[in-house]
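# Secondary and tertiary structure notes
Listed below are the residues making up each chain.
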Amino acid sequence: MLSKFKSIISKLVLICVGIFTTVVFVQMGGFFTLNYLKPEPVLAILVFLCAIIFVAGVGYLLYRIRDDDKNLNRLVLLSMLAIFFVVAIIWLKVVPKTQISDFGEFWNTAPRALAGGKIFSYDNDYFAKWAYQTGFLVYVMTVVKIFGQHVIAIQLLNVIYQVLILYLAYLISMQIFNKVKMARLTVFLLMIDLDWFALNSQSDNQYIGMLLFMLTFYLIMQNKYWTYALAGVTLAIGSIVRPIGPVIIAGILVYGLLYMFIANDKFSWIGLGKIVMTLLIYQVIFSGASLAIKSSGLNSYGLTNRDSEWKFVVGLDAYSGGSYDQKMVDRFDLQESRAKMSAKEHKIIHENISNLNASHGWLRLFWAKNRTLWAGRSMAIDFTEFGKIHSLKMDNLVKLLGYMGSIMLIIFSWIGSLSLFKQKIDNKVFLILLPLMAYAVVQLLIEVQGRYRLEFLPVIAILAGVGLYNCFDWIKSRQEKN
């Protein structure tokens with residue numbers, strides 16, 4: 001009975017993933033048509049065809065390389081990682097070293113904090129409102145303390161994290177599907193997505209957070225007591241530097257209840273206890289880090305979020321489609337106290353909800369937000385200010401090439417998600433799918449930006465690896481029949 005219940009839930013999750021990737025695929029088609037195909041059809045079609053030919057050609061080569069020799073497998077993987085490392089370093093050379101937006105806040109505040117200066121001036125300042133960002137600030141301060149105020153240090157560390165993320169994507173794919181060729185294709189599809197790796201030039205907490213969350217998934221998949229304990233450590237550190245831990249925890253908790261608490265058609269308290277141990281260790285470390293930051297005098301608010309309302313002020317704004325909008329920001333006096341700001345934020349949230357109810361605009365808002373987050377350009381290249389030192393033509397071409405990487409991930413992850421219905425899969429796949437779905441649902445309510453999807457692109461890439469592998473498998477079966 002319990003096994004049947006688990007099987008039904010598993011199919012429902014796969015259906016949700018299939019619906020999600022199908023919607024993203026449709027939205028991607030609309031975005032590409034409107035923004036590229038209509039304005040410059042010849043260029044758009046040419047670049048798209050080149051991208052498909054490139055992915056098919058290199059992907060097929062990786063598929064054809066034998067996988068029964070461990071040394072050859074290592075050589076292929078190391079070669080891919082080395083190529084990515086070189087390309088990522090070249091990318092750092094062709095973008096400005098300027099740190100902008102939130103990235104600039106971290107980079108510019110770190111030296112001041114190391115000199116004993118305050119990190120905020122009033123209770124509605126950046127690190128006062130979003131005190132949870134202090135965790136990553138401590139990381140930036142540590143890098144500056146060790147290497148000096150040389151942004152290349154942060155950038156090179158980001159590249160190293162990206163290489164490790166690619167390696168973990170390979171290992172996780174192997175854990176779930178146990179197919180070397182599929183894991184190779186996962187790495188290949190992620191490494192060519194410029195929209196994914198472009199932000200390595202910025203003091204961005206997404207790459208180190210992404211690495212730690214993926215390592216958490218991998219450790220849990222090992223199903224040993226010590227790996228569950230270590231997963232609690234990596235989950236906590238990941239949440240300290242990149243505060244999306246609650247979404248990851250939600251996915252892990254559901255996975256623990258469905259696939260560890262229910263085992264062999266009976267309840268397994270040992271399985272549930274392992275997950276509880278991970279979460280307890282996470283809570284102890286995270287709470288301890290918050291208290292340490294308070295007691296150090298760096299931030300009296302610890303790692304709290306004192307302006308959670310703002311994400312809903314923007315996220316429920318039908319006019320901006322749930323994205324950052326300067327007109328909305330201009331409605332506030334950012335120098336006001338947190339109490340006054342909070343009261344006004346609550347008022348505007350209620351206005352937004354009333355407007356959505358009156359216009360029956362919830363579905364339109366959700367559709368627009370999903371498109372912004374998952375189907376359009378990630379805008380990562382824009383945050384590098386690449387266009388400031390290159391011509392408009394070159395800037396547009398690079399952005400198009402970057403988006404092609406996203407398109408390849410979207411197309412093949414859609415195929416991969418549908419192919420999961422046709423094959424027997426390891427329950428470990430739900431450890432990465434459940435947090436993905438939790439994140440997608442949460443983002444329907446709060447502020448969205450295209451770059452917010454970066455953390456989950458390795459998961460999308462694993463699905464895309466499944467899709468591309470099955471395409472080649474289908475071609476091979478057709479050839480054998482003929």
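Just above, that's the structure.
Residues numbered from 1 in each chain as written. Predicted model: local features only at pLDDT ≥ 70, side-chain atom pairs only at ≥ 80, totals over all residues. Heavy atoms only, no water.

Helices and strands together make up the secondary structure of the chain, namely 21 helices and two strands. Relative to the globule expectation of 23 Å for 482 residues, the C-alpha radius of gyration of the chain, 23 Å, shows essentially globular dimensions. Taking all 482 residues of the chain together, the buried fraction comes to 55%. Working note: accessible area of the chain is about 21,400 Å², and carbon and sulfur atoms make up 66% of it. Here the chain contributes 45 positive and 29 negative side-chain charges, whose respective centroids are spaced 8 Å apart. (Helix = DSSP H or I, 4+ residues; strand = E, 2+ residues; numbered from the N terminus. Rg over C-alpha atoms; globule rule 2.2 N^0.38 Å. Buried < 20%, exposed > 50% of the residue type's maximum accessible area, 1.4 Å probe, protein only. Areas by Shrake-Rupley, 256 points an atom, 1.4 Å probe, with all protein chains shown as cover. Lys, Arg positive; Asp, Glu negative; His and termini not counted. Charge placed at Lys NZ, Arg CZ, Asp CG, Glu CD.)

What follows is about the pattern of salt bridges. Summed over all chains, the structure comprises ten salt bridges. Its salt-bridge partner being glutamate 455, residue arginine 242 comes within 2.4 Å of it at the nearest N-O pair. In this pair, arginine 242 sits in the loop between α11 (225–241) and α12 (245–260) while glutamate 455 sits in the loop between α20 (429–442) and α21 (457–481), placing the two residues 213 residues apart along the sequence. On the basis of relative accessible area, glutamate 455 is assigned to the buried category, the value being 6%. Of the charged contacts, one joins glutamate 345 and arginine 338 as a salt bridge, the two residues approaching to 3.4 Å between their closest N and O atoms. Bridged by salt links that share partners, the residues Arg377, Asp382, Asp395 and Lys399 form one connected network. (Salt bridge = Lys/Arg side-chain N within 4 Å of Asp/Glu carboxyl O.)

Attention shifts here to the packing of helix α2 (residues 41–64) against helix α8 (residues 180–191). It is the contact of α2 with α8, at a shortest axis distance of 9 Å, that shows an interaxial angle of 150 degrees. Pair α2 / α8 crosses with right-handed handedness. Contact residues: Phe54, Val55, Val58, Gly59, Leu62 and Tyr63 in α2; Lys181, Arg184, Leu185, Phe188 and Leu189 in α8. The residue inventory of the contact of α2 with α8, partitioned by class, reads eight nonpolar, one polar and two charged. (Axes fitted to C-alpha atoms, helices over the stretch in contact; angles between N-to-C directions. Left-handed = near helix turned anticlockwise from the far one by under 90°. Contact = heavy atoms within 4.5 Å. Nonpolar A, V, L, I, M, F, W, Y, C, P; charged D, E, K, R; others polar.)

This next bit is on the packing of aromatic side chains. Scanning the model with the defined rule gives 32 aromatic pairs in all. Relative to tryptophan 414, the ring of phenylalanine 25 has its centre 4.3 Å away and its plane inclined at 10 degrees; by these criteria the two rings are stacked. Residue phenylalanine 25 is found in helix α1 (residues 2–37), and its partner tryptophan 414 is found in helix α19 (residues 392–419); the two are separated by 389 residues along the sequence. Taking the relative accessible area as the measure of exposure, phenylalanine 25 reaches 27% and is therefore partly exposed. Seen in terms of ring centroids, phenylalanine 261 and tryptophan 269 are 4.8 Å apart; in terms of plane orientation they differ by 65 degrees. Their pairing is edge-to-face. (Phe/Tyr/Trp six-rings, centres within 6.5 Å; stacked < 30°, edge-to-face > 60°.)

Considering the arrangement of structural elements, one finds glutamate 345 in helix α16 (residues 338–359). You can call glutamate 345 buried: its relative accessible area is 0%. Excluding its chain neighbours within four sequence positions, the residues that come into contact with glutamate 345 are Asp307, Glu309, Trp310, Val313, Phe332 and Arg338.

Attention shifts here to a nonpolar patch on the surface. Taken together, the side chains of Ile8, Leu12, Ile15, Ile19, Leu418 and Phe421 define a hydrophobic patch exposed on the protein surface, amounting to about 530 Å² of accessible area. Element by element, the count of residues in the nonpolar patch is highest for α1, at four residues. Looking at the element boundaries, isoleucine 8 is found in helix α1. (Patch = residues over 30% accessible without salt bridge, like charges linked within 9 Å, V, L, I, M, F, W, Y side chains within 5 Å.)

By size, the foremost hydrophobic cluster in this structure holds 165 residues, and its most contacted members are Trp196 and Phe430. Per-element tally for this core: the top contributor is helix α7 (residues 151–177), with 16 residues. With residues near it in sequence (within four places) discarded, phenylalanine 430 still touches Ser10, Val13, Leu14, Tyr255, Tyr259, Ile425 and Pro435. (Core = buried A, V, L, I, M, F, W, Y, C linked by side-chain atoms within 4.5 Å.)

In this section: the environment of tyrosine 259. Note that tyrosine 259 resides in helix α12. Distance from tyrosine 259 to asparagine 427, taken between C-alpha atoms, is 6.9 Å for residues 168 residues apart in sequence. Ignoring any residue separated from it by four or fewer positions in sequence, one finds tyrosine 259 in contact with Lys6, Ser10, Asn427, Phe430 and Leu434. Within the structure, the side chain of tyrosine 259 is placed 2.7 Å from the side chain of serine 10, a separation counted as a polar contact. (Polar contact = N/O pair within 3.5 Å; in protein donor to acceptor, adjacent residues only side chain to side chain.)

Moving on: the state of the cysteines. The term disulfide refers to a covalent linkage connecting the sulfur atoms of a pair of cysteines. Evaluated as defined, the whole model comprises zero disulfides. With no disulfide partner, cysteine 50 has as its closest neighbouring cysteine sulfur the one in cysteine 471, 19 Å distant. (Disulfide = S-S within 2.5 Å.)

With that settled, the discussion passes to helix α17 (residues 362–375). Counting along an α-helix, one turn takes 3.6 residues, and residues three or four places apart therefore face a common direction. If you check α17, its first and last C-alpha atoms are 19 Å apart, about what 14 residues at 1.5 Å a residue would give, namely 20 Å. Within α17 the residues assigned to the buried category are Leu365, Ala368, Lys369, Asn370, Leu373, Trp374 and Ala375. Structurally, α17 contributes buried residues whose contacts are with α1, α14 (308–315), α16, α19 and α20. (Expected span 1.5 Å × (residues − 1).)

Next up on the list: the side chain of aspartate 195. Along the chain, the position of aspartate 195 falls in helix α9 (residues 194–197). Buried charge without a partner: aspartate 195 forms no salt bridge, and the closest opposite charge is arginine 453, 4.0 Å away.

Here we take up unusual backbone geometry. Of note in this structure, methionine 379 is not a glycine but carries a positive phi near 65 degrees. Position of methionine 379 among the secondary structure elements: in the loop between α17 and α18 (380–383). Judged by its relative accessible area of 34%, methionine 379 falls in the partly exposed class. Despite not being glycine, glutamate 385 has its phi angle at roughly 60 degrees, a positive value.

Working note: a packed helix pair is described by the angle between its axes plus the distance between those axes. Interaxial distance between α19 and α21 falls to 6 Å at its minimum, and their mutual angle equals 70 degrees. Taken as axis vectors, α19 and α21 run roughly perpendicular relative to one another. Contact with α19, carried on its side by Leu409, Phe412, Ser413, Ile415, Gly416 and Ser419, involves Leu457, Ile460, Ala461, Leu463, Ala464, Val466, Gly467, Leu468, Asn470 and Cys471 of α21 and no other residues of that element. Residues belonging to the contact of α19 with α21 are distributed by class as follows: eleven nonpolar, five polar and no charged. (Parallel < 35°, antiparallel > 145°, perpendicular 65-115°, else oblique.)

Further remarks concern the environment of proline 435. Tracing the sequence through the fold places proline 435 in helix α20. A residue is classified by how much of its surface remains accessible, and proline 435, at 0% relative accessible area, is buried. Taking the C-alpha atoms as reference, proline 435 lies 6.8 Å from alanine 250; in sequence the two are 185 residues apart. Every residue in contact with proline 435, bar those within four places of it in the chain, is listed here: Phe217, Val247, Ile248, Gly251, Ile252, Phe430 and Phe456.

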